Amino acid sequence: MRLRDLREDRDLTQAEVASYLCVKQNTYSQYETGARQLPIDLLIRLAQYYGVSTDYMLELTDNPAPYPPKSKKK
């Protein structure tokens, strides 16, 4: 995953991102290294935080553009 690159490109520390996710810094570090799997809800929050698609974060595409928001049903 591109977690480390996205974080470093924005000059953020692991502690800052961990605080945003409400997890401990060492837990977030494990997400970055792949020692622990990132839960889907946190993946979505990070994609929204960084303004990229989850596919980009998962390295399924090289296009970082997020998907358009889901339309609201009436």
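See the structure shown above.
Not measured: the values here are computed from a predicted model.

What counts, and at which threshold
Residues numbered from 1 in each chain as written. Predicted model: local features only at pLDDT ≥ 70, side-chain atom pairs only at ≥ 80, totals over all residues. Heavy atoms only, no water. Axes fitted to C-alpha atoms, helices over the stretch in contact; angles between N-to-C directions. Helix = DSSP H or I, 4+ residues; strand = E, 2+ residues; numbered from the N terminus. Parallel < 35°, antiparallel > 145°, perpendicular 65-115°, else oblique. Contact = heavy atoms within 4.5 Å. Salt bridge = Lys/Arg side-chain N within 4 Å of Asp/Glu carboxyl O. Buried < 20%, exposed > 50% of the residue type's maximum accessible area, 1.4 Å probe, protein only. Left-handed = near helix turned anticlockwise from the far one by under 90°. Nonpolar A, V, L, I, M, F, W, Y, C, P; charged D, E, K, R; others polar.

## Here's the deal with the packing of helix 2 (residues 14-21) against helix 3 (residues 25-33)
Okay, step 1: Direction vectors running N to C along helix 2 and helix 3 enclose 105 degrees, while the axes themselves pass 8 Å from each other. Taken together, helix 2 and helix 3 sit at an angle that is classed as roughly perpendicular. Between helix 2 and helix 3, the residues in contact are Gln 14, Ala 15, Val 17, Ala 18 and Leu 21 and Gln 25, Tyr 28, Ser 29 and Glu 32, respectively.

## Regarding the pattern of salt bridges
Okay, step 1: One pass over the structure, following the stated rule, counts 4 salt bridges.
Okay, step 2: Put simply, Asp 62 and Arg 2 hold a salt bridge, and the shortest N to O gap is 2.7 Å. In this pair, Asp 62 sits in the segment after helix 5 (54-57) while Arg 2 sits in the segment before helix 1 (3-9), placing the two residues 60 residues apart along the sequence.
Okay, step 3: Classification of Asp 62 as exposed rests on a relative accessible area of 65%.
Okay, step 4: On the basis of relative accessibility, which here comes to 14%, the residue Arg 2 falls in the buried class.
Okay, step 5: The closest approach of N and O atoms between Arg 7 and Glu 8, which form a salt bridge, is 3.9 Å.

## Some details on the packing of helix 2 against helix 4 (residues 40-50)
Okay, step 1: Running from N to C, helix 2 and helix 4 cross one another at 115 degrees; their axes reach a closest spacing of 11 Å. For the crossing formed where helix 2 meets helix 4, the hand is right-handed. Taking contact as the criterion, the partners of Val 17, Tyr 20 and Leu 21 in helix 2 are, on helix 4, Leu 42, Arg 45, Leu 46, Tyr 49 and Tyr 50.
Okay, step 2: Here the residues of the contact of helix 2 with helix 4 are counted per class, giving 7 nonpolar, no polar and 1 charged.

Take it as geometry only, folks, not as evidence of what the structure does.
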